[in-house]
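Survey of secondary and tertiary structure
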Amino acid sequence: MLLASLLFIVPVFSAIVPGTSEPHEPSLTTSLGARWYHDSDHPVHALFRRGPTDGVVYAPVGSSLWSADFPESTPDSSNLPKAWVDALDAAVTAGKIPNLPTSISSHGSEPEYPDLDPSGAEICSSTYKCMQNSTNIWNAPDGYFASSFDDGPQPYTDALVEFLAKNKVKTTHFMIGTNILQYWEQFLTAWNHGDDIAVHTWTHPYMTTLSNLDVVAQLGWTMQLVHNSTGGRVPRFWRPPYGDSDNRVTAIAREVFSLETVIWNQDTDDWSINYGGTTEEEIGSEMDKWLSGPKSPGLIILEHEDSDGALNSFMEAFPKIATNGWKFESLARILGGGQAYQNSFNADSEVKPVNLMVGQNNFTLMAKNVSTTTTPSPTSDLGASTAGNLAANTDYPTADPLANAAMTPPGQAQSLKWIFSTFLVASLITALVFWA
């Protein structure tokens, strides 16, 4: 009986696999609807999910080809991809980048603006806690603990991710570009756990002290490396080192790369724990105060993954987050309405090719999908794109990860036919196994 059933399936399979149907058979054009992507804990997630990348083949993380075109230290702003420079020039010409002087920092001191008020509307420096006309994000939604860690990846990242995995939660890592190159194995630890990756510049400078081109270089190379290392995902959020941004820097991040600037509303100072600046006990006391306080606004607490002491402080406070009634969530997801990247929802969801990042070789070219026959122009208006361009409904956490993920027109019908065929065959085989 089993053999007879298999003989029945063979002609059915032959009739429905792509490329074997009769010439007069009408093409499959019926839509599968907005959602057919299965959540990661669904039994058939691995079998029927859409591809997790944008269709481009990227060099393996950690390989010499992967790191070949990236600066080893401070980027040379005279050697940038033309698309980035063109986007900056277009934004300046359009009056979208304020014509402000760079700040001055002597021997690592806080940046200063001679003859200008850093807290005023013109400069609006986040170092000086200006919020009056800034688009920077300081607070999480009410009731949420928006989790993030700066300065990764580092050797301590492994222990952090192990703790997060044990507690079945995820976080956002604001990563430094040169650290990704050096600690690529720890980068993969965070990425493979499904954590969200955001930008913390290439070498961690005071951003307001840099020229416009230097700001582009610090952001662009970090975005490019994250993009090349995550299957084509484009970061949506960035955090300035030391919290140092102003109207000019924030505008460059937004207009050139569609990056959203995130600061914080509480600071543990945990980076200084190895230098006598604070202690685990002092951090614990501060965390108790914040966690037992009002739920409005939500918490964005500055924490780092750069020492045992910093990690111990977080791990000690972690149980108190829930017991005090806070909802723990990765910062990028809660601020992004569920969408952590500009062109993808998370580490498992589909990546939508967009023309935001253009590098110097085939492995750093984003926008060329292998299923298409057309090549998007590398000089498209990068500044015109809007962050969060995938989400049709941004009501987190119910936003549909594929509600607005468009397929490429060429080959769409054939792709749908193949999907339908595979599903039907798998269903027949599954039914047959149960019947037998």
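In this report, we go over the structure that sits alongside the text. All values derive from a computational prediction rather than experimental measurement. (Residues numbered from 1 in each chain as written. Predicted model: local features only at pLDDT ≥ 70, side-chain atom pairs only at ≥ 80, totals over all residues. Heavy atoms only, no water.)

Comments concerning the pattern of salt bridges
Within the structure shown, the criterion is met by seven salt bridges. In this structure, Lys289 engages Glu286 in a salt bridge whose closest nitrogen and oxygen atoms are separated by 3.4 Å. Placement of both Lys289 and Glu286 in helix H10 (residues 280-291) is noted, with a separation of three residues, approximately one turn of the helix. We note a salt bridge from Lys320 to Asp288, for which the minimum N-O separation is 2.9 Å. Note that Lys320 is positioned in helix H11 (residues 308-323) and Asp288 in helix H10, a separation of 32 residues in sequence. (Salt bridge = Lys/Arg side-chain N within 4 Å of Asp/Glu carboxyl O. Helix = DSSP H or I, 4+ residues; strand = E, 2+ residues; numbered from the N terminus.)

Focus: the packing of aromatic side chains
Across all of its chains, the model carries 13 aromatic pairs by this definition. A ring pair is formed by Phe70 and Trp221, whose centres lie 5.7 Å apart and whose planes are at 75°; its orientation type is edge-to-face. Separated by 151 residues along the polypeptide, Phe70 in the loop between helix H3 (64-67) and helix H4 (82-93) and Trp221 in helix H8 (residues 212-229) bring together distant segments of the chain. You'll find Phe70 and Trp221 in the same group, each marked buried. Ring geometry for Phe314 and Phe328: centres 6.5 Å apart, planes at 45°, overall tilted. Here the residue Phe314 occupies a position in helix H11, and Phe328 occupies one in strand E8 (residues 327-330), the gap between them amounting to 14 residues. When sorted by exposure, Phe314 lands in the same class as Phe328, which is buried. Chaining the aromatic ring pairs together yields one cluster made of Phe145, Phe149, Phe163, Phe314, Phe318 and Phe328. (Phe/Tyr/Trp six-rings, centres within 6.5 Å; stacked < 30°, edge-to-face > 60°. Buried < 20%, exposed > 50% of the residue type's maximum accessible area, 1.4 Å probe, protein only.)

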